Each structure stands twice: as C-alpha cells, then as structure tokens.
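# Notes for the structure review
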Amino acid sequence: QVQLVESGGGLVQSGGSLRLSCTASGELFRFAVMAWYRQTPGKQRELVAGIAGIQGNGMTIYGDSVKGRSTISRDDAKNTVFLEMNALEPEDTAVYYCNYRRETDTYWGQGTQVTVSS
C-alpha cells in the first residue's frame, strides 16, 4: 500500500503564493500519475493539476480555474510531487488532496487545508 503525506497548506492572503508537497512511499512512484485535487463542502472534487510518470514523459495538465498560475512538478528521486500556486484568491480556498494512480491502484492523501483570505 502506498502512503501519501502532504504538507505546505495554510493561510495566505489574496494575491499570495503557496507551495504544496506530497511525498509517497513505495518503489514505483516514478511510474505513477500524480495529481492534485481540491474540494470544498457541498461541491464536487475538482482537478487542479496532474503530471504523468516516466511512461508519459512527465506530461502535465491543469484545471481551467488554475491554468496559468499554477505549476505541478515532481522529483522522482524523492518520491515527491509539488504544486506551486500563485495569485491566490479566496475562491482557491479548499482542502487539497494528493492523488497517486498506477495501473489499477489509486491512493489519496489525507488532504491539506488551503485558506486564502481577502
């Protein structure tokens, strides 16, 4: 089983920046598609960004709401995926979840709260 540990969430003012980190256990991280999702109470879980593993040559994808102001990256040597977000707005306030997908296996992190104040 893969365990995902997230960090970097917190309180930030509107217009500020934040970097989230997610570190995975196991030996197959480099083959996994990693992604960040976010969710607020009463709303659907939303894809923020995703990044492919070695097979996908690190291809990235971004949700429309964060495109142009977010960057997803990974360090396979450290089993870690990052999400850098800029120009944050109160609408970005949510619990952010790290997601790991490889073949038929899917794992989720515990979530980290991001709160953007106006």
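Preceding this section is the structure that the text describes.
Per chain, residues are indexed from 1 in the order of the written sequence. It should be noted that, the model being predicted, local features are given only for residues of pLDDT at least 70 and side-chain atom pairs only at 80 or more, the latter also being counted only at that level, while totals for whole chains, interfaces and linings use all residues. With hydrogens and water stripped out, all remaining heavy atoms of the structure feed into the side-chain values.

So, on to the nonpolar core. The biggest cluster of nonpolar side chains holds 28 residues, and the ones touching the most others in it are Leu4, Met34, Trp36, Val81, Leu83, Tyr96 and Tyr100. In this description a helix means any DSSP run of H or I spanning at least four residues, a strand means any run of E spanning at least two, and both kinds are numbered starting from the N terminus. Looking at this core, the elements that each hand over two or more residues are β3 (18-24), β4 (33-39), β5 (46-51), β8 (80-85), β9 (94-102) and β11 (112-117). In this structure, Tyr100 is in contact with Val2, Leu4, Ala24, Leu28, Phe29, Ala32, Val33, Met34, Asp105, Thr106 and Tyr107, ignoring residues within four places of it in sequence. Residue types Ala, Val, Leu, Ile, Met, Phe, Trp, Tyr and Cys, when buried and joined through side-chain atoms within 4.5 Å, form a set referred to as a nonpolar core. Partly exposed describes any residue whose relative accessible area lies between the buried limit of under 20% and the exposed limit of over 50%, with all areas from a 1.4 Å probe on protein chains only and scaled to the type maximum. The contact rule is simple, with two residues in contact once any of their heavy atoms fall within 4.5 Å.

This part takes up the state of the cysteines. Disulfide: a covalent bond connecting the sulfur atoms of a pair of cysteines. Note that a disulfide, as used here, is simply two cysteine sulfur atoms within 2.5 Å. Tallied over the full model, the rule gives one disulfide. Disulfide pairing is shown between Cys22 and Cys98; the S-S distance is 2.1 Å. Taking the sign of the S-S torsion, -85° for the link of Cys22 and Cys98, the bridge is left-handed. With Cys22 in strand β3 and Cys98 in strand β9, the pair connects residues that are 76 residues apart, well separated along the chain. Residue classification places Cys98 among the buried positions, given a relative accessible area of 0%.

On to the sheet that holds β3. A strand pair is defined by DSSP finding two or more bridges across the two strands. Reading across from one edge, β1-β3-β8-β7 is the order of the four strands in this open sheet, with antiparallel pairing throughout. One side of each edge strand has no neighbouring strand; the edge strands of this open sheet are β1 (4-7) and β7 (70-75). Neighbouring strand axes in the sheet, compared pairwise and without regard to direction, differ in orientation by 15° on average. Each axis is a line fitted through C-alpha atoms, and for a helix only the stretch in contact is used; angles between axes span 0 to 180 degrees, taken between their N-to-C directions.

A few words on the pattern of salt bridges. Close approach of charged atoms allows side chains with opposite charge to pair. Note on definitions: salt bridges are taken to be side-chain nitrogens of Lys or Arg within 4 Å of carboxyl oxygens of Asp or Glu. Applying the stated criterion to the full structure yields seven salt bridges. With its nearest N and O atoms 3.5 Å apart, the salt bridge here joins Arg102 to Glu103. Residue Glu103 is classed as exposed on the basis of its relative accessible area, which comes to 75%. Where salt bridges share partners, they join Arg38, Glu46, Arg69 and Asp92 into one cluster.

What follows concerns unusual backbone geometry. Phi at Asn57 is positive, roughly 55°, even though this residue is not glycine. Positionally, Asn57 belongs in the loop between β5 and β6 (60-62). Accessibility expressed as a relative area gives 71% for Asn57, which makes it exposed. One non-glycine residue, Ala87, lies in positive phi territory at about 50°. Position of Ala87 relative to the elements: it lies in the loop between β8 and β9. Residue Ala87 is classed as partly exposed on the basis of its relative accessible area of 38%.

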